[in-house]
Amino acid sequence: MRVLSDLGQVSAVAWNELVQGQCGRLHPLLRHEFLHALHATGCASPATGWEPQYLTLWRQQRLLAAVPLYVKHHSYGEYVFDWSWAEAYRRQGQHYYPKWLSAIPFSPVGAPKILGSDDTARLALVQQLLRLVQSSPLSSWHGLFLAPDEMRWFEALGCSLRRSVQFHWHNRAYTDFGHFLQQLSAAKRRKIRAERRKVAQQGLRTEVLTGTDLQPWHWQFFVRCYEKTYHEHHSSPYLNLAFFERIGQAMGEQIALFMAYQGDSPVASSLCLYDGHTLFGRYWGALQALDCLHFELCYYAPIEFCITRNLQLFEGGAQGEHKLARGFEPSEMYSAHWLAHSGFAAAVERFLGYESVGLDGYLDEMREHSAFSARFEP
């Protein structure tokens, strides 16, 4: 076992072989190039409250298993919210931070976090991970947006399990966007067509750029849009231009940048990443408010991209009940948690039990608001 504070200590080839073997494809947000860019550009670094402590398993010089692991000094950029837990610790005079975290920084996407050459290596790493965090003075460990098969290991080792909900779009062998619309109720079809007409009536056109189409000015423009979105919500952006330029150069073939123009002038953009199966929606921004453009760049154009590329799933990001009206469906996401303090651990376990009951009711309610026609059963 080795703990690595710098992902540069592992070759990109060896790391990506683990990702490819575990996922069956090269998951873009687990790629060495993506994760290392977060650290090398200072976005997820000790200075920003993310201390990389990757746990790895080796046989001589061969990498057998690995898990992204951080010492976190806050809960920003996680999307599975534990602020109330931290506040409960504070009220009792206890320290919640720092804590351990296994996740992809700033990325609420479902993906394996325990990467391994086989299940024997993965289970050995899980066991060592729990030994490491339980022997440390830190308050807790949290594994976010885990793959379903990982949950059974953490449950068997005494972790509390938590469910949450996102909204995903599924490709059911659609031939084009019109074929997808045919499966929706008449009211939802009319609404989407009306929204797309409004975009066109404002003189807007869109394009998607991937790979070598991505030029330096595209990234400079995108970052202006991205930063404006954060500032409008009175918060600070997590990522910088250096990060986006770096992944654009290293893995542009897995990046889809959707651009909107009014005449010849770019006015908005959205960024997605993708592999052979899934499109991951991440960031969006516009330099001016234009009616329905958010829906076009963040949902409709990416859905068309999925259909054209035969991608099976579109993860549009965290939250967003408004996605239901646009053909997205509720999907369960999973996380696991271990707390060192037995009293707090018991309280969190009770809380999660109540939350799970409420989540079941929420899922039922969301399914009742499906955009799909009654004659079509997703």
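Computed from a predicted structure; not experimentally measured. (Residues numbered from 1 in each chain as written. Predicted model: local features only at pLDDT ≥ 70, side-chain atom pairs only at ≥ 80, totals over all residues. Heavy atoms only, no water.)

Visitor: Before we move on, can you summarise the sheet that holds strand β1 (residues 2-4) with the specific residues and values?
Guide: Taken in spatial order, the 4 strands make up an open sheet running β1-β3-β4-β7, and their pairing is antiparallel. Strands with a single pairing partner mark the edges of an open sheet, and in this sheet they are β1 and β7 (115-116). Relative to strand β4 (residues 62-67), strand β3 (residues 54-59) runs antiparallel, the two sharing 5 bridges. Across the sheet, T56 pairs through a bridge with A66, a residue of β4. Its contacts with the sheet put helix α1 (residues 12-23) on β3, β4 and β7, and the angle it makes with β4 is roughly 65 degrees. (Pairing = 2+ DSSP bridges. Helix = DSSP H or I, 4+ residues; strand = E, 2+ residues; numbered from the N terminus. Contact = heavy atoms within 4.5 Å. Axes fitted to C-alpha atoms, helices over the stretch in contact; angles between N-to-C directions.)

Visitor: I'd like a description of the sheet that holds strand β8 (residues 140-143), backed by residues and values.
Guide: Pairing in this open sheet of 11 strands is mixed, and the strands run β2-β5-β6-β8-β15-β9-β14-β13-β12-β11-β10 from one edge to the other. Bordering the open sheet on either side are β2 (50-52) and β10 (204-209), each of which pairs with just one other strand. Here the strands of the sheet are splayed against their neighbours by 30 degrees on average, with no regard to which way each runs.

Visitor: Pulling in residues and values, what's your account of the side chain of H142?
Guide: Along the polypeptide, H142 turns up in strand β8. Apart from the residues lying within four places of it in its own chain, the contact partners of H142 are D82, W85, Y96, K99, W100, L101, S102, A336 and H337.

Visitor: Please give an account of helix α7 (residues 186-201) that cites residues and values.
Guide: With 16 residues, α7 extends 22 Å between its outermost C-alpha atoms, agreeing within 8% with the 22 Å of an ideal straight helix rising 1.5 Å per residue. Taken together, the buried positions of α7 are R189, I192, E195, R196 and V199. Burial along α7 is one-sided: seen end-on, the buried residues are contained in an arc of 135 degrees. Exposed residues lying more than 90 degrees from the buried face of α7 are R190 and Q201. Residues of α7 that are buried in the fold lie against α6 (177-182), β10 and α10 (293-309). (Expected span 1.5 Å × (residues − 1). Buried < 20%, exposed > 50% of the residue type's maximum accessible area, 1.4 Å probe, protein only. Arc of directions from axis to C-beta.)

Visitor: Before we move on, can you summarise the packing of helix α3 (residues 83-91) against helix α11 (residues 342-368) with the specific residues and values?
Guide: Viewed as axis vectors pointing N to C, α3 and α11 meet at an angle of 145 degrees, and their least axial separation amounts to 12 Å. At the point where α3 passes α11, the crossing takes the right-handed sense. In this structure, α3 contributes W85, A88 and Y89 to the contact, and α11 contributes F344, V348, F351 and L352. Residue composition of the contact of α3 with α11, by class: 7 nonpolar, no polar and no charged. (Left-handed = near helix turned anticlockwise from the far one by under 90°. Nonpolar A, V, L, I, M, F, W, Y, C, P; charged D, E, K, R; others polar.)

Visitor: Hey, could you go over helix α8 (residues 216-232) for me, with residue numbers and the actual values?
Guide: Its 17 residues place the ends of α8 25 Å apart at the C-alpha level, agreeing with the 24 Å of an ideal helix rising 1.5 Å per residue. H234 lies just past α8 and shows a positive phi near 55 degrees.

Visitor: How would you sum up the packing of aromatic side chains? Please name residues and give values.
Guide: Taken as a whole and judged by the stated rule, the model has 32 aromatic pairs. Centre to centre, the rings of Y226 and Y283 are 5.1 Å apart; their planes meet at 80 degrees, and the pair counts as edge-to-face. Of the two residues, Y226 sits in helix α8 while Y283 sits in strand β13 (residues 278-286), which places them 57 residues apart along the sequence. Ring geometry for Y274 and F305: centres 5.1 Å apart, planes at 75 degrees, overall edge-to-face. Taken as a pair, Y274 in strand β12 (residues 265-274) and F305 in helix α10 lie far apart in primary sequence, 31 residues in all. Classification of Y274 by relative accessible area gives buried; the value is 8%. Geometry around W50 places K72 over its ring, the cationic atom sitting 4.0 Å from the centre. Cation over ring: R326 sits above F295, and NZ or CZ is 3.8 Å from the ring centre. (Phe/Tyr/Trp six-rings, centres within 6.5 Å; stacked < 30°, edge-to-face > 60°. Lys NZ or Arg CZ within 6 Å of the ring centre and 35° of its normal.)

Visitor: Tell me about the environment of Y230, and name the residues and values.
Guide: Relative to the helices and strands, Y230 resides in helix α8. Take Y230: its relative accessible area is 14%, and that puts it in the buried class. Residues in contact with Y230, not counting those within four places in the same chain, are Y79, S235, S236, P237, Y238 and Y283.

Visitor: Requested: an account of the packing of α8 against helix α9 (residues 241-251), with residues and values cited.
Guide: In contact at an axis separation of 10 Å, α8 and α9 are set at 135 degrees when each is read in the N-to-C sense. Classed by the angle they form, the pair α8 and α9 counts as oblique. For the pair α8 and α9, the sense of crossing is right-handed. In this structure, α8 contributes W219, Q220, F222, V223 and Y226 to the contact, and α9 contributes L241, F244, E245 and G248. Of the residues belonging to the contact of α8 with α9, the class tally is 6 nonpolar, 2 polar and 1 charged. (Parallel < 35°, antiparallel > 145°, perpendicular 65-115°, else oblique.)

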